Structure formats: C-alpha cells, structure tokens
Amino acid sequence: MVQIPNTPPPPAPPRSVPTSADVARLAGVSRATVSYVLNNTSAVRISEPTRRRVHAAARELGYVPHAAARSLRAGHSRMVLMPAPNFPVGPLYSRFIAEVQWALGRLDYTVVQYGTAGPHDDEAARAWAELRPVAVLVPGSGLGARGVAVLKRSGARAVVTLAPEPVEGAHALLMDHEAVGHCAARHLYARGRRRIGVVMPGDAGLELFSVPRLAGVRHALRGTDATVTELPLAHDEESAARLAARWRGLGLDAVFAYNDEYAMLLMRALQDEGVAIPGETAVIGADDLMLGRLLRPRLSTVHIELPSGRDLAELVDRAVRDPATAPERHKVLGASVVHRDSS
C-alpha cells in the first residue's frame, strides 16, 4: 500500500499593509482628513465626531502613520533622542524621565533612548546624528560644542543638556548639586555636629553628582570648627559592614551619605555594629524617597526639586518650532532639608 503524505495547506497570502486610503474609506472621509487627524494638524478644524471616527477606523485596521513619510512632508522628524545615562539611575531620576517622555508624547514627539551618554559624547554624537532626530536631550557633561555642531548639521533643531555647566550652542538645564551638599552640611552643623563624614559612592558615573555635593559640604563648613572626612563606599552590604566596623575609630559624629539609598545601607550597618543613631552619629541622605520614612529612626534627607518634565518638553517644542532662537539656560535643581529622627 502506498502512503500518500499529508501535504500542508499553502500558506495564507500575507495581509496587505493598511493605508490611509483604507482608513478614509472605512471612516467615510477624505485621505486629507485622515492625515489632518492622525498628524494632529491644528491649522484645520476637524469636528470631534469625525476625529473619533478616524481614530476608530485606524485602530480597527491596525493602521499607523509612516514616520519617514511624515518626516519628509514636515521637513524634519518627530523623534527626540535621549542617550541612556552612563550612571546608575535611581527612583527620582526615573520618575523625571518618565514624566519627560509622557509630556513629549502629548506634544506628538516620539522619544527614543539610544546609546549611552558618557565622557566621549562628541564622538557618540555622530552615531546619534545618523538617526536624524529633531531634538536630543543629553544627561551628563560629556557633550561639547563640537558634538552640538554635528547634531545641528544633521538636522537636530534642539540640543538640550542636563549638566552642571552649559555647552556652547545648546539649551542648558543647570543641575547645581553643590546646593544638595550645602544643605546637608548646614543642617548637620546646626544640630551641633562637628566631625562630618561624606559618603563618596563607588558606582562609576556617580562622580558627576558626588564631587559637587562634597564641594557643597566643604563650602558650607568653610571657616567653621567642623572637619570633613571623605568615605569611599560601594553599594553593597559587605562594604557598608567594613566601614561600620571601623566607625568608632574614625571619630565621626555625623554623615551625609550621598543619597537615601546609600544612607539606608550605611545606617543598617551602623546599627548592626551597635552605633546609636542619632545619639552617636547623625545620618542624612538625599532624594526624599518614601522608604526613608519607613525606617526607624526615620531618615532625614535633602528633598531635591527636579525640573518639570512638562516644562522641559515645552522647551524642546519651542526650540523645534524656532531653531534660530538663542539657547536658554535655566537653573533647575532646588534643595531643602527634611528633618526627621536620624539627625
């Protein structure tokens, strides 16, 4: 007996990609109306029922506008490039980035995280420029005037840096981390503390923040009878335990622990060594994380006011619409002490 093999059915023909014409037919409108609605064109008045009908038809068909074609019509893309920072991102910065992305999305920009921001951003700028973004938001201080020029020649209408110092040709949000250390030191001094340690985190990239915070501590205590001791510390339990084991030999009566995460790590290690907080050592962090309120004793901290994501998105939008405008510079980091039990 001859066995006839089962022949699989031929594959179904691939579904054609839906077009704006398909959306127009389903919604009962013109292709121009579809374009006006899906591109959020404000120059043409479209009734709200028509807008809802077009959006419903696009969802039903799975249609999305072609970004490249839209860029050709507009003369520029709607992509905002955000290089990923080369330092550990904590909860505070993560919330800020999420707010920026949401606000830019509301203005019809697409936010793309690509590559890494670091000490050689002038070289990285060439790779960023290949994507032809309409704007670039650069965290950190590695980008220089040459990199800004490369991005602008490639069509970027806005380059915005978030760093302690401005860069020629770029809009700047100036992050004054000295103020964080200054606030912490003045608080500890006012509480009667005179032998103050300052945690210097071991994570690569955090020197962008830790060095100016240390400078702020030194500036606040200059001319007083207080001393400042640098305390290198990796973010792990073993390093914290080693530091806590020699704590009494250091003779410190207070510590500014860089931020709340390092403060919680060190405070637990000090308590395990029997160091009374705040009796023997006052502790203060920074960032005002909710977990700090749950500790016992509750953690004193420096509350940091980051720029509004909505304000940053509006700065980007202004620069995209008017790229010839002079670069704006804004000091955006506010700092204030939240006094709790640990100090």
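Fair warning: this is a prediction, and the values are worked out from it, not measured in the lab.

> Requested: an account of the packing of aromatic side chains, with residues and values cited.
Following the criterion strictly, the structure yields one aromatic pair and no others. Relative to Tyr262, the ring of Tyr258 has its centre 5.8 Å away and its plane inclined at 85°; by these criteria the two rings are edge-to-face. You can call Tyr258 buried: its relative accessible area is 5%. Seen from the ring of Tyr109, Arg78 lies directly overhead, with NZ or CZ sitting 3.9 Å from the centre. Over the aromatic face of Tyr189 sits the side chain of Arg194, whose NZ or CZ is 3.6 Å from the ring centroid.

> Any chance you could break down the nonpolar core for me, citing the residues and the numbers?
Membership of the largest hydrophobic core comes to 47 residues, with the highest contact counts inside it found for Val80, Phe96, Leu104, Leu137, Phe256, Leu312 and Val316. No other element matches helix H5 (residues 91–106), which puts seven residues into this core. If we skip the residues at most four places from it in the chain, Phe96 touches Leu162, Leu306, Pro307, Gly309 and Leu312. Among the nonpolar cores identified, the runner-up in size contains 26 residues, and Val199, Met264, Leu266 and Val283 belong to it.

> Describe the sheet that holds strand E9 (residues 282–286), with residues and values.
One open sheet accounts for six strands, arranged E7-E6-E8-E9-E10-E12; its pairing is mixed. In this open sheet, the two strands that pair with only one neighbour each are strand E7 (227–233) and strand E12 (334–338). The sheet shows a mean angle of 20° between the axes of neighbouring strands, taken without regard to direction. Here E9 runs beside strand E10 (residues 300–305); their pairing, made up of three bridges, is parallel. Residue pairing for E10: Gly285 is matched across the bridge by Thr301.

> Help me get a handle on empty space enclosed by the protein, residues and values and all.
A probe as big as a water molecule, rolled over the atoms, marks out the empty space that is left. Under the defined criterion, the tally for this structure stands at one cavity of 30 Å³ or more. There is about 40 Å³ of room inside the largest cavity. Taken together, Met82, Tyr93, Phe96, Ile97, Leu137, Val138, Pro139, Leu162 and Leu312 make up the lining of the largest cavity. Contributing elements (two or more residues each) for the lining of the largest cavity: H5 and strand E3 (135–139). Taken together, the residues of the lining of the largest cavity break down into nine nonpolar, no polar and no charged.

> Run through helix H14 (residues 309–321), naming residues and quoting values.
Here H14 contains 13 residues, and its C-alpha end-to-end distance of 18 Å stays within 8% of the 18 Å for a straight helix at 1.5 Å per residue. What H14 keeps buried is the set Gly309, Leu312, Ala313, Leu315, Val316, Asp317, Ala319 and Val320. Buried residues belonging to H14 abut strand E1 (79–85), H5, E3, strand E4 (158–163) and strand E5 (171–174).

> An account of the environment of Gly28 is needed here, citing residue identities and associated values.
Residue position: Gly28 is located in the loop between helix H1 (20–27) and helix H2 (31–38). On the accessibility criterion, Gly28 (59% relative accessible area) is exposed. A C-alpha to C-alpha distance of 9.2 Å links Gly28 and Thr50, two positions 22 residues apart in sequence.

Procedures and definitions
Residues numbered from 1 in each chain as written. Predicted model: local features only at pLDDT ≥ 70, side-chain atom pairs only at ≥ 80, totals over all residues. Heavy atoms only, no water. Phe/Tyr/Trp six-rings, centres within 6.5 Å; stacked < 30°, edge-to-face > 60°. Buried < 20%, exposed > 50% of the residue type's maximum accessible area, 1.4 Å probe, protein only. Lys NZ or Arg CZ within 6 Å of the ring centre and 35° of its normal. Core = buried A, V, L, I, M, F, W, Y, C linked by side-chain atoms within 4.5 Å. Helix = DSSP H or I, 4+ residues; strand = E, 2+ residues; numbered from the N terminus. Contact = heavy atoms within 4.5 Å. Pairing = 2+ DSSP bridges. Axes fitted to C-alpha atoms, helices over the stretch in contact; angles between N-to-C directions. 1 Å grid on protein atoms, 1.4 Å probe; cavity = no way out; pocket = protein on both sides within 12 Å on 5 of 7 lines; lining within 4 Å. Points joined across faces, edges and corners; volume = space filled by probe spheres on them. Nonpolar A, V, L, I, M, F, W, Y, C, P; charged D, E, K, R; others polar. Expected span 1.5 Å × (residues − 1).

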